[in-house]
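# Survey of secondary and tertiary structure
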Amino acid sequence: WTFAPTLAVVTDVRWGRTYEAFSADPALVAKLGVALVRGLQGTVNTPDFLGPGKVLATAKHFVGDGGVRDGRDQGDTDASEQQLRDIHAAGYGPAIEAGVQGVMASFSSWGGRKLHGRADLLTGLIKTHWNFDSIVIGDWNAHSQLPGATAENCPDAINAGLDVYMAPDSWRGLLASTIAAVRDGVVPMARLDDAVRRMLRLK
């Protein structure tokens, strides 16, 4: 499993992670993103797909990380809904069609709301509109940046559509708090079942 390709479309060269992006051209980002997904995973509906010598790919960081205001990493993406769709999200639909098995949520925000807590985008766009049936994974403890959250307690992220927290050093507390949130009804059992089902399918 690798955390690539990066599908950021750079609209402000002051952003410190421009070197991770393919281009400032959304069409080129989409084209090269699909090529890398196929190179890593193989081509969908062929015997080569996810076969020997292949690894799972992850499209990241969803969405708009290349357009953060003033180039401030983990900041707010300066884009209208149309710009978010036509520029910053341009690579994701094609990557999903190419069979990418993971989508990583961004540290950044859009409209002042952190991506890790945006059900309209993580569930509504990725899973419902694009019919993505694999996993949405978080970035490194990025869930802790949601209002009222900590690295060890963040039910809002899973409720928004996150299937796997990236919790390298906070997982024990996060596990306990998630179990408690499910028992208390804060996280619906159906949402937990969906997240687990997606991970088991991937494995």
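To be clear, the structure that these remarks concern was listed above.
What this report covers is the structure whose coordinates are included nearby. Because the structure is predicted, anything quoted here is derived from the model rather than measured.

### So, the overall build of the protein chain
Looking only at helices and strands, one finds seven helices and seven strands in the protein chain. In sequence order, the protein chain lays out its α and β elements as α-β-β-α-α-β-β-β-α-β-α-β-α-α. Relative to the globule expectation of 17 Å for 203 residues, the C-alpha radius of gyration of the protein chain, 16 Å, shows essentially globular dimensions. If you line up the protein chain on its principal axes, its C-alpha atoms span 45 × 45 × 30 Å. Sequence separation of 24 or more characterises 69% of the internal contacts of the protein chain that already satisfy a separation of 6 or more. The distance from the centre of the 20 positive side-chain charges to the centre of the 22 negative ones in the protein chain is 3 Å.

### Observations concerning the pattern of salt bridges
Under the counting rule described, the total for this entry stands at twelve salt bridges. With its nearest N and O atoms 3.4 Å apart, the salt bridge here joins Asp-78 to Arg-69. Looking at Arg-69, the relative accessible area reads 38%, which means it is partly exposed. Taking the shortest distance from any N to any O, the salt bridge between Asp-163 and Arg-191 comes out at 2.6 Å. Linking Asp-163 in the loop between α5 (155–160) and β7 (164–166) with Arg-191 in helix α7 (residues 189–202), this pair joins segments that are 28 residues apart in sequence. Across the pair, Arg-191 and Asp-163 agree in class, each one buried. Through salt bridges that share partners, Lys-127, Asp-163, Arg-191, Asp-194 and Arg-198 make up one connected network.

### Considerations on the side chain of Ser-170
Topologically, Ser-170 is positioned in the loop between β7 and α6 (171–183). For Ser-170, a relative accessible area of 4% corresponds to the buried category. If sequence neighbours within four positions are ignored, Ser-170 has contacts with Asn-141, His-143, Ala-151 and Glu-152.

### Things to note about the side chain of Ser-134
Note on placement: Ser-134 falls in the loop between α4 (119–129) and β6 (135–140). Judged by its relative accessible area of 3%, Ser-134 falls in the buried class. In this view, Ser-134 contacts Gln-101, Asp-163, Arg-198 and Leu-202; residues no more than four positions away in its chain are not counted.

### Re the sheet that holds strand β5 (residues 113–114)
Sheet strands pair by backbone hydrogen bonding; their relative direction is either parallel or antiparallel. Overall, mixed pairing links the three strands, which are arranged β2-β4-β5 in an open sheet. Looking at which strands have only one partner, the edges of the open sheet turn out to be β2 (76–77) and β5. Judged from the two bridges that link them, strand β4 (residues 109–110) and β5 form a sheet pairing that is antiparallel. Bridged to Trp-110 within β5 is Arg-113.

### Considerations on the pairing of strand β1 (residues 58–62)
Of all five residues making up β1, five are buried, and the element is well covered by its neighbours. Sheet topology places β1 next to strand β3 (residues 102–105); three bridges connect them, and they run parallel. Across the sheet, the residue bridging to Phe-62 is Ala-105, located in β3.

Rules behind the numbers
- Residue positions within a chain follow its written sequence, with the count starting from 1.
- Predicted model: local features are reported for residues with pLDDT of at least 70 only, side-chain atom pairs are reported and counted for 80 or more only, and whole-chain, interface and lining totals are derived from all residues.
- Where side-chain values are given, they derive from all heavy atoms of the structure, hydrogens and water being excluded.
- Helical segments are the DSSP runs of H or I of at least four residues, strand segments are the runs of E of at least two, and each set is numbered from the N terminus.
- Atoms counted for the radius of gyration: C-alpha only. Globule rule: 2.2 Å times residue count to the power 0.38.
- Note on contacts: a residue pair is in contact if any heavy atoms of the two residues lie within 4.5 Å.
- We score Asp and Glu as negative and Lys and Arg as positive, and we do not count His or the chain ends.
- For this purpose, a charge sits on NZ of Lys, CZ of Arg, CG of Asp or CD of Glu.
- Salt bridges are defined by distance alone: a side-chain nitrogen of Lys or Arg within 4 Å of a carboxyl oxygen of Asp or Glu.
- We call a residue buried when its accessible area falls under 20% of the maximum for its residue type, exposed when it is over 50%, and partly exposed in between, using a 1.4 Å probe and counting protein chains only.
- Only strands joined by at least two bridges in the DSSP assignment are considered to pair.

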